[in-house]
Structure formats: structure tokens, C-alpha cells
Amino acid sequence: MIRRPEEFDSDFNLDTDVVVVGAGPGGGAAAYVLASAGRKVVVLELGGHFSPKDFTKDGIDALTNLYQDGGQRFTLGNAFFVTMFGKGVGGGSLVNSAISFKPPDKVVKFWADQGNLKDFSPESLKPFVEKVQKKINIEILDVSKLGRNNTVFKEGLEKLGFKGGVVPRNTLGCVACGRCFYGCPSGAKQSVDKNFISKAMGAGTDVYTYARVSRIDINEKTNQFESLMAVIYDPKTLKTKCRLTVNAKHLVLAGGAVGTPSLLMKNKICNSSGQVGQNFRCHPSTSVTGIFDEPIMGYRSVVQGYYSDEFFDKDILLETYWAPAGMFGLTIPGMGKGPVEVMKNYKNFAGCGAMIRDESSGSLSFEGEKVQIKYVLNERDLKLLTEGMFRSAEVLLAAGAKTIYADNPLKSKFESLTELRNFFDQNKNLGPDIVREGNHGLGTCRMGEDPRKSVVNSFGRSHDIKNLWIFDVSTFPGALGVNPQVTIMTLALRGAEYLDGNFH
Amino acid sequence: MSFKKPTRRQVLLGSLATTVLAPLSYILSVTFGGYATRTGLKFLTSKEAAIAEALGEVMIPEENAIGVSIYQIDFANEVDRFLSVMPSHNRNGASLLFWIVEHLFPLRCFYFRKFTRLTIAERYKILSRFDESPSVGNRALVRGLKAFVHLIYYNHPKVIGQIEIGKDCTK
Ligand SMILES: Cc1cc2nc3c(=O)[nH]c(=O)nc-3n(C[C@H](O)[C@H](O)[C@H](O)COP(=O)(O)OP(=O)(O)OC[C@H]3O[C@@H](n4cnc5c(N)ncnc54)[C@H](O)[C@@H]3O)c2cc1C
Ligand code: SF4
């Protein structure tokens, strides 16, 4: 059942088997497994619980209600770009594009070798991947339903002879409204509140909303987790309403790549390896805007409906892209009247971009509520991003775009393939300005079997505190190269089953 | 790719500007400053509201192709709405940024008046200088401001109504 702040006026305590912090894909999948196995589960979530009617076109409402820090988290380093994290019951799955790729075999094998991970292979993960795919309802829409922003991209790929396909997405009857990032107003997106969390609630789980966990208490004698404290706050005033203490036999952290290390670092726990908050990666991406003669109406298209893995061996994935208008404005260089003039043709815009499997590595530090994300892109990644920008522009030009805006410090406007190819032949590294965003923050509590080099083992169990588990994107040993939610849920199902089997 | 390195003269002038002229400009601005008072703002001070509007005026000129001015969407109030539910460190960061824009930005073009007291053309010149600067940090700063203004402006239902042409499939 969903519990809301208006129900509580004074501090209270709860006793439970498992307390889960964070109701995103990781926390949701873990709560489902444990509640279905008959464990008493309590979930604490920083954000609220929403229904489709709450998702309006008001972008400011969406940013403030559905994103941690209003979506205004930036990296500091040689590049300055936004890295966003969802909040609310559903976590990032509320605001993501529903892309549901399974973990790529090459990456799973690489992780297994690197972290010496036990029983960790494409074959051993397969049953969990299949369970996730079934639960979240993977839909592969017919091309005719994707909207023009995706079909022009497909045509461009075909002209260039690049491979690609319709993106598998966790939706049920998607109407291609282009608004995934602000929450799905039609209820088609199968975010985890609709499946894992609602099933966990059916099995007796209570989900406390607007509950910010801040303190974790460890019994010094036994070195075991004992209880935690959360503040329940009023979402309108952000003022504290009361405090909630939860005593539990196990603690599952699933606060995501910033939320989880933040709790560990503030409470000074689970960091004997020194790896908490390190190894931050985010799949940085770049994007281009193509202007066509015909109306594309990306805002009536599936947000990210078509992809190309032509360059996946090089760690570049091309995907279509549609974003709220403010984001498009940014791809148009210059200031003042010029960009606004271009935005007048918004209906004729098409967008796509490239995301890379980054090897650059960052670190987090915390000061009170504030997180600092230090992340420096290395030369290899900058070159991959430059190639990604080139390929994205190439596809849209091949599809018939009249103008391409590929914002970079040297030349941003292209009108022919020859002009584009000449430019990119001579410029293989356009520098960090071309990064638009990196919305897949990950890796800050990485898994591995060696306690000196990792925070948790491959089942998500802390090396330092045996009844503390992490089931979220922070445990990834490195970048994945594809959108991560299915992998997060896969690892959470696997870890939570292991937890249940080793409960005592 | 290589960016032009700033010359020693540019570096010297830059540090002179920040260490000597900035405090001076601040003192002058506090002494002789003046802003129209805004009511109903939750987070922004009337000064900050004026600075936000001054940025909006440059990036989204009144005579624009979309036909919706920043005044028609009450831009400063929208900024306020956005910031008022942010965690305190974001709000403090925004306050600092507004201060920098108002007092330090003009020095980039050796204007010794506050940003809000400059003409739109003068403000445009400053922002363009930053945008074309060889320093990644300077470019990032002005792009961050552009992102902020665009986010507020293009997210407004009145603006969306003008640019999203075609039937809404969610209704
Ligand atoms: C705009 C956007 C688009 C994306 N598109 C895709 C996509 O199409 N496909 C895909 O696979 N991935 C996508 N991603 C990434 C994906 O959504 C995330 O990687 C994923 O949601 C991470 O899951 P998680 O469970 O690890 O953490 P999160 O989803 O971040 O969930 C963590 C939850 O914990 C809560 N929390 C944090 N700290 C605390 C605390 N102290 N107390 C209580 N609660 C706390 C947060 O509010 C949040 O709800 C996208 C991400 C974004 C931002
Ligand atoms: S495109 Fe629209 S209908 Fe489809 S999942 Fe996204 S928000 Fe929902």
C-alpha cells in the first residue's frame, strides 16, 4: 500500500524483515522477489506516487516532481553536462524512454572477467533476463506506429546500409506522444510501479513516499545493520513532518548511482575498499538536429523508437531521440534571434544521437545534500563521441534533411553529405562541448569478488556488512553500452533470490 | 582539435578585472543600484528576478519568430517556480550565478555597469564573447545559462502551443 505524508504527524517506528531504500527498477524488482517469497518488506522512497493524470505538459512541474534535484545535476571536469536521475515510485523508469535492451553478451563476459564474478555469464543471467522481459511487458511496435522521427532515421540507415531495428520497449499500447521524459500521460509505459511494485504491494509491502533516508545504524559488536532513520517531508514546503525509524533484519539499498553512495559515505560504512563513490560512468551522449522540408512532428513520435548497432563493436550506439523543446533549442548554436528563428520550424525537426560505452571514470563527493560529480572525458571517449555525432548527422542527411545542426566549437551547420564528411575527416576529436547529457549514471558501488577492489559481491552483498545489500545501477562494474534498466532488474532479481535463500 | 590559448596579456587583464574591478563594481552597484520591486516571488529576490529577465531578453528577444515574448509568460515568475522547490544548494548556486552575471559578466567587455543596466545589444555582445571564448569553462557557463533560459521558456504551455503543430494524441 502507498503511504503518504498526510497520514503522519508524529515520529514512529516499524519492524520488518527487509527495508528497501529507493523504489526504482532495482528496489522495485528486489521488493517484488522478497515480498513474493513471504518476507515482510517496507520500501522508503524520496519522491511521490503518481498516476498518468499527474503527468502534464508543464515541464517545470515534471522536472521538480520527477527528477532528483529538479534534473539539475551537472558533471564538473573537462565537460559540463547534465546527468539526470528520476525520483518517485518507479524511480528512473517513470521518466525514461522505456528502452529495454538486454545486457549485451560481450559486456557481461567482460564484467565477469574483470571482477572475477562468480556464476556470472550470459547463460546464467538468461532466466532472470527473461523473467524481467515478461514482467515489464516488452513491446516491439510496428514501424507504422513509431512516428516520423523514427522512420526518417530508419530510411537514413537503409540508404547508408547500416543495420538497425525497432527498439524493444516496456510499454503496453504506446500512442507515440513524445513525452516519455515527463512521465507517460497515457499510462502505456510499464514503469516498475505498474508491475514489480504493485505486485509487491499486493503481497503486503508498504511503500512510504516522500521519505528521505538519512541515517543508517550498525551494531558495532556484531557489525550488522540494525535500523535506519528516514525523514518524512511535506512535498509542498519541503519541511520535515516526522521521523520514521525502521528496524529490519536486512537492508537493501537501491537509491541509484548517487543515492546509494551518498548514504554509505555520509554514514561512513561499507567503504573498506575505498571504492564507494568511485568509478562513476554515465554513457555520455551527443545529439544532432536535422531540419526537413516535411513535417516530422517528433512530439507525435515514440521518443526513442529506432536504433542502430552498426558501430556497437566500437562502443557507439545510435538511437533516435526526441526531447522537450528546451533541449532542442540547445543544439542550435548562437544566441538571441537566430536560434528562436530556427525553433519556429520545430515541427520539421528530427533528432537522433549517439551514446557511448565510456571508459572515462569519475568520482562523487558529498557536502550535506549536495553532490559533486567529477568526471573527465578521456581522448578515446571524445573521439567516440565525435564519431557518434558524425554518424548521427550522416544518417539524417542521408534521409533527406536539408540542414543539420551538430553543435560544436568549430562548425555547427551542415547542408550536404560531402560537406559533413570533409569536416569530420579532418576533425576526429571535437572536444567536450559536444556532450549533451549522460543520463545513465552508474558504477559508484561496484561489484566484484575481491573486497579490496569492490563494494559488494556479484549478488549485491556488501563485503563489509553482511546484512546490507545493494540492488541498483551503482553495482555495475563498468559501463554497459546500452540503456541499463533491464540489466538493473536482472541483477536485482538474481541478488534478491540469493538474499532470500541466505536470509538467516 | 586545438583551441587558441589565451595570451599572457589576456590572462593579466582577466585577473585584474576579477580582483580589482569586480569588488568595485559590486560596491557601486549596491550604492547606486535599484530594481523594480516584484511581489509574489517565493525564492528570487526582486534583483534576481530582474537579472533572470535580463538574460531572457537577450536569449529570447521580444520580436521573435515564435511570437511569444518572455513577458507574456512572466519569465521571472517561472524561474522562481522552478527554483522554489529545489534543494537549497541548487537555489544557492543559482543565486551565486545571478550575482556573477550581474556584477562580473559586464567586465568581460569592459562595461562598468551592471548587467541589468546594459542595453540588450551590450548584453548580447557579452554572452557571445563568452560563447566564442577559447576557454571550455567560459563556454560551459554561458551554455548553462542558455540551457536554463531555454528550459524555462520552451517548457511553457503558451510556447509549446505555438510550436507543436498537429493533433495531440494523448487527449
Ligand atoms: C531521462 C532519462 C531517460 C532514460 N532512459 C532510459 C531508457 O529508455 N532505458 C533504460 O534502460 N534506462 C534509461 N534511463 C536510465 C534508467 O532509468 C536508470 O538507470 C534506472 O532508473 C536506475 O535504476 P535504479 O533502481 O538503479 O535507480 P533509480 O531509478 O535512480 O531509483 C532510485 C530511487 O531511489 C530514491 N532515493 C534515492 N536516495 C534516496 C534516499 N536517501 N531515501 C529514499 N529514497 C531515495 C530515488 O528517489 C529513486 O526513486 C534513463 C534515465 C533518465 C534520467
Ligand atoms: S511515447 Fe508517450 S505513450 Fe509512448 S510510452 Fe512515451 S509517454 Fe507513453
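No experiment lies behind these values; they were computed from the predicted model shown.

## Some points on the sheet that holds strand β17 (residues 370-375) of chain A
Residue and element names in this part refer to chain A. The strand order across the open sheet formed by three strands is β4-β17-β16, and the pairing between neighbours is mixed. Only two strands of the sheet have a single partner each, and these edge strands are β4 (75-76) and β16 (362-367). Sheet topology places β4 next to β17; two bridges connect them, and they run parallel. Bridge pairing in β17 links L76 to K374. Its contacts with the sheet place helix α7 (residues 256-266) against β16 and β17, and it is angled at close to 55° to β16.

## Here we look at helix α2 (residues 46-59) of chain B
Relative to the 20 Å expected for 14 residues at 1.5 Å per residue, α2(B) spans 20 Å between its end C-alpha atoms, a close match to the ideal helical length. Looking at α2(B), one finds that the buried residues are B:E48, B:A49, B:I51, B:A52, B:E53, B:A54, B:L55, B:G56, B:E57, B:V58 and B:M59. Here the buried face of α2(B) lies against α9 (337-343) of chain A together with α3 (75-84), α4 (88-103), α5 (120-131) and α6 (136-154) of chain B.

## Regarding the nonpolar core
With 143 residues, the main nonpolar core has A:L44, A:Y208, A:L228 and A:L264 as its most contacted residues. The biggest single contributor to this core is helix α10 (residues 379-398) of chain A, with nine residues. Counting 77 residues, the second-largest nonpolar core is a separate cluster that includes A:Y321, B:L83, B:F105 and B:V142.

## Notes on the pattern of salt bridges
Going through the model one piece at a time under the given rule, you end up with 38 salt bridges over all chains. A salt bridge links A:K344 to A:E341, with the shortest nitrogen-to-oxygen separation between them at 4.0 Å. Look at A:K344 and you get partly exposed, because its relative accessible area is 43%. A:E341 sits in the partly exposed class, given a relative accessible area of 35%. B:D131 is paired through a salt bridge with B:R143; the nearest N and O atoms lie 3.5 Å apart. With B:D131 in helix α5 and B:R143 in helix α6, this residue pair connects regions lying twelve residues apart in the sequence. The buried category is assigned to B:D131, whose relative accessible area is 17%.

## A closer look at the interface of chain A and chain B
In this complex, chain A contributes 49 residues to the contact, which on the side of chain B involves 46 residues. On the chain A side of the interface with chain B, the three residues burying the most area are A:I60, A:M335 and A:V340, jointly 18% of the side's total. Linking chain A with chain B are five salt bridges, by the criterion used here. Between A:D61 and B:R81 there is a salt bridge; the shortest N-O distance is 3.4 Å. There are ten residue pairs in polar contact (both at pLDDT 80 or more) connecting chain A and chain B. Only α2 (59-66), α8 (325-331) and α9 of chain A provide two or more residues apiece to the side of chain A that touches chain B. Here the side of chain A that touches chain B takes five residues from α2(A), the largest share from any one element. Counted by class, the side of chain A that touches chain B contains 24 nonpolar, eleven polar and 14 charged residues.

## Concerning the site of ligand 2
Near ligand 2, the surroundings consist of 13 residues, among which A:C174, A:C177, A:C180, A:C184 and A:S186 are the closest. Partitioning the shell around ligand 2 into residue classes produces seven nonpolar, three polar and three charged.

## A few points about the environment of B:K146
For B:K146, the position within the fold is in helix α6. The buried category is assigned to B:K146, whose relative accessible area is 5%. Here the alpha-carbon distance between B:K146 and B:F75, two residues 71 residues apart in the chain, equals 14 Å. The contacts of B:K146, once residues within four sequence positions are left out, are A:G329, A:L330, A:I332, A:P333, A:G334 and B:M59.

## Describing the environment of B:Q162
Among the secondary structure elements, B:Q162 is positioned in helix α7 (residues 157-163). Setting aside anything within four residues of it in sequence, one finds B:Q162 in contact with B:I66 and B:V68.

## Quick look at the sheet that holds strand β18 (residues 403-405) of chain A
Residue and element names in this part refer to chain A. Spatial strand order, β6-β13-β14-β15-β12-β18-β19: seven strands in an open sheet with antiparallel pairing. Two strands lie at the open edges of the sheet, namely β6 (165-166) and β19 (413-414), each paired on one side alone. Relative to strand β15 (residues 349-356), strand β14 (residues 316-320) runs antiparallel, the two being bridged by five bridges. Across the sheet, the residue bridging to I316 is I356, located in β15. Along the sheet, helix α5 (residues 148-160) makes contact with β13 (306-308), β14 and β15, crossing β13 at roughly 25°.

## Things to note about the site of ligand 1
Residue and element names in this part refer to chain A. Inspection of the region around ligand 1 gives 40 residues, with G26, E45, G92, I99 and Q485 positioned closest. Here an oxygen atom of ligand 1 sits 3.2 Å away from a polar atom, N or O, in the main chain of A98. Between V473 and ligand 1, the recorded distance is 2.9 Å, taken from a backbone N or O atom to an oxygen atom. Taken by itself ligand 1 offers 990 Å² of open surface, and the protein chains cover 96% of this. Listing elements by their share of the shell around ligand 1, those giving two or more residues are α1 (25-36), β9 (211-219), α7 and α12 (485-501).

## Some words on the pairing of β17(A)
Of the two faces of β17(A), the one lined by A:V371, A:I373 and A:Y375 is fully buried and the one lined by A:K370, A:Q372 and A:K374 carries no buried residue. The hairpin turn running from β16(A) into β17(A), its antiparallel successor, is two residues long, and A:G368 in that turn takes a positive phi close to 60°.

## Some remarks on the domain arrangement of chain A
All names here are of chain A. By the assigned domains, chain A splits into domain 1 (2-137 + 187-280 + 441-501) and domain 2 (140-171 + 284-356 + 378-434). Here the C-alpha centre of domain 2 lies 32 Å away from the C-alpha centre of domain 1. Roughly 1,600 Å² of surface becomes buried between domain 1 and domain 2 when both sides are summed, with 56% attributable to carbon and sulfur atoms. Of all residues in domain 1, S97, F101 and K106 give up the largest surface area on contact with domain 2, accounting jointly for 29% of the area buried on that side. Between domain 1 and domain 2 we count one salt bridge in total. For K106, the salt bridge is made with D315, and the minimal N-O distance between the two is 2.9 Å. Linking domain 1 with domain 2 are ten residue pairs in polar contact (both at pLDDT 80 or more), by the criterion used here. Looking at the side of domain 1 that touches domain 2, its residues break down into nine nonpolar, nine polar and two charged.

## Things to note about the environment of A:D381
Residue and element names in this part refer to chain A. Tracing the backbone shows D381 in helix α10. Here D381 falls in the buried class, since its relative accessible area comes to 0%. D381 sits 21 residues away from S360 along the chain, and the two C-alpha atoms are 6.9 Å apart. What D381 contacts, discounting residues up to four positions off in sequence, is I356, R357, D358, E359 and S360. For D381, the side chain forms a polar contact with the side chain of R380, separated by 2.7 Å.

Parameters and conventions
- Residues numbered from 1 in each chain as written.
- Chains lettered and ligands numbered in written order.
- Predicted model: local features only at pLDDT ≥ 70, side-chain atom pairs only at ≥ 80, totals over all residues.
- Heavy atoms only, no water.
- Pairing = 2+ DSSP bridges.
- Helix = DSSP H or I, 4+ residues; strand = E, 2+ residues; numbered from the N terminus.
- Contact = heavy atoms within 4.5 Å.
- Axes fitted to C-alpha atoms, helices over the stretch in contact; angles between N-to-C directions.
- Expected span 1.5 Å × (residues − 1).
- Buried < 20%, exposed > 50% of the residue type's maximum accessible area, 1.4 Å probe, protein only.
- Core = buried A, V, L, I, M, F, W, Y, C linked by side-chain atoms within 4.5 Å.
- Salt bridge = Lys/Arg side-chain N within 4 Å of Asp/Glu carboxyl O.
- Buried area = accessible area lost by both parts, 1.4 Å probe.
- Polar contact = N/O pair within 3.5 Å; in protein donor to acceptor, adjacent residues only side chain to side chain.
- Nonpolar A, V, L, I, M, F, W, Y, C, P; charged D, E, K, R; others polar.
- Near = heavy atom within 4 Å.
- Areas by Shrake-Rupley, 256 points an atom, 1.4 Å probe, with all protein chains shown as cover.
- Domains from an automatic or database assignment.

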